[in-house]
Amino acid sequence: MTFEDLETPAPLVNLAIVDANLKRMQDYCDSHGIRLRPHIKTHKSIAMAKRQLALGAHGITCQKLGEAEVMADAGIDDILISYPLIGKAKRLAALAARVKMTVAIDSEQALSTAAEAAASAGHPIGVLVEFDSGAKRTGVVRVEDALALARRITETPHLTFAGLMTYPANENTVAFVNAARAAFDDAGIAIPMVSGGGTPDAFSVHELGVIDELRVGTYIYNDRMMIGAGHASLADCAFDVIATVVSRPEENRAIIDAGSKTLTSDPAGKGGPGHGLIRAYPDAVIDRLSEEHGMVDLTHSAAKPEIGEKLRIVPNHVCPVTNLHDAIWVEADGEISELPVDARGLTR
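Predicted, not measured: the structure shown is a model, and the values here were computed from it.

Draft legend 1. Layout of the environment of Gly269. Mapped onto the fold, Gly269 is located in the loop between α9 (260-263) and β12 (277-278). The sequence separation of Gly269 and Asn316 amounts to 47 residues, and the corresponding C-alpha distance is 8.3 Å.

The structure is reproduced here in structure tokens:
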């Protein structure tokens, strides 16, 4: 079986490239004394998570309880949920009763959920206080707020202060951590570790000098965004969407059977124009998407695909593309086999 035999659209993953990407990141972390805790949001696969752990990853990161439940059911027993859980104590307690759980908080309300869960489970839950490094999403913005939450954690039965967490890890992280260390020292509270995230700048995170744990997800597959960010080359991209040319209504226009329900509408940033890179026709641009149609501008492509031709497309942002599919096809040692996306669609 080859990719030509796949019914399209279909996600196809090159396992040799996956393994090279995993080894490269693990080797980097090992060489700099940084713990790697990969984020499973990119692959949502039990098999891929276990592949990461087998290479030396220190537990996994999930964004949602549903993902964590799937991974715990598969025997993975060290899980961080890097997202504030509000009002979900019952499910968190069930997880904490059977695996080592750590959660991230940035408010008293999230702390209360963790405290209720730990008390109900009768097992400790580690708690990271998240701070904002400029992304302007979750995370406290003042050191005094981080300290107040840490103090509350240390005073709460069944909770353990696990350290600080941020995304992305950058120069703002350094300033916050240095200020936090001084304030926490004065308060007599140790900061066990600092967890930072982000694939684009992962290979320079050691230069910051403050990161003990690295949370990265996209590195396993890579995509056009990672090419644009300078993290990866095209040769490092393990994940293609296979699509078929279903129409050629004009000389310089082709239609493929992959639209927004397959490729998503995420842009590639500096990775290039359009909604994916067609490997065999790099000058073609997938310039428009409807739900099931991809419109390809062939104006600047000297070679042009024909109806029925199957194309390998590197997606702009692989994480949501994975989540749109129940399974992926895996290419290994000349064979292609199907692998479920175990945590697909679990958004709660």
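Draft legend 2. Highlighting the pairing of strand β5 (residues 100-105). When you tally the buried positions in β5, you get 5 out of 6 residues, the bulk of the element. Alignment of strand β4 (residues 78-81) against β5, held across 4 bridges, turns out to be parallel. Across the sheet, residue Ile79 finds its bridge partner in β5, namely Met101. Note on the crossover from β5 through helix α5 (residues 108-121) to strand β6 (residues 125-130): the handedness is right-handed.

Draft legend 3. Here's a closer look at the packing of aromatic side chains. All chains considered together, the criterion is met by 4 aromatic pairs. Summarising the aromatic geometry, the rings of Tyr28 and Phe203 are spaced 5.3 Å apart at their centres and angled 85° between planes, so their arrangement reads as edge-to-face. Remark: Phe203 occurs in the loop between β8 (194-197) and β9 (213-215) and Tyr28 occurs in helix α1 (residues 15-31); sequence separation between them is 175 residues. With 4.2 Å between their ring centres and 0° between their planes, Phe131 and Phe176 make a pair best called stacked.

Draft legend 4. Broad picture of helix α4 (residues 89-96). Every buried residue of α4 is accounted for by Ala89, Leu92, Ala93, Leu95 and Ala96. Seen along its axis, α4 keeps its buried residues to an arc of 160°; they face one direction. Of the surrounding elements, those touching the buried residues of α4 are α3 (65-73), β5, α5 and β6.

About the thresholds
- Residues numbered from 1 in each chain as written.
- Predicted model: local features only at pLDDT ≥ 70, side-chain atom pairs only at ≥ 80, totals over all residues.
- Heavy atoms only, no water.
- Helix = DSSP H or I, 4+ residues; strand = E, 2+ residues; numbered from the N terminus.
- Buried < 20%, exposed > 50% of the residue type's maximum accessible area, 1.4 Å probe, protein only.
- Pairing = 2+ DSSP bridges.
- Right-handed = clockwise from strand over helix to strand, strands pointing away.
- Phe/Tyr/Trp six-rings, centres within 6.5 Å; stacked < 30°, edge-to-face > 60°.
- Arc of directions from axis to C-beta.
- Contact = heavy atoms within 4.5 Å.

Without other data, these values stay purely geometric and don't point to any function.
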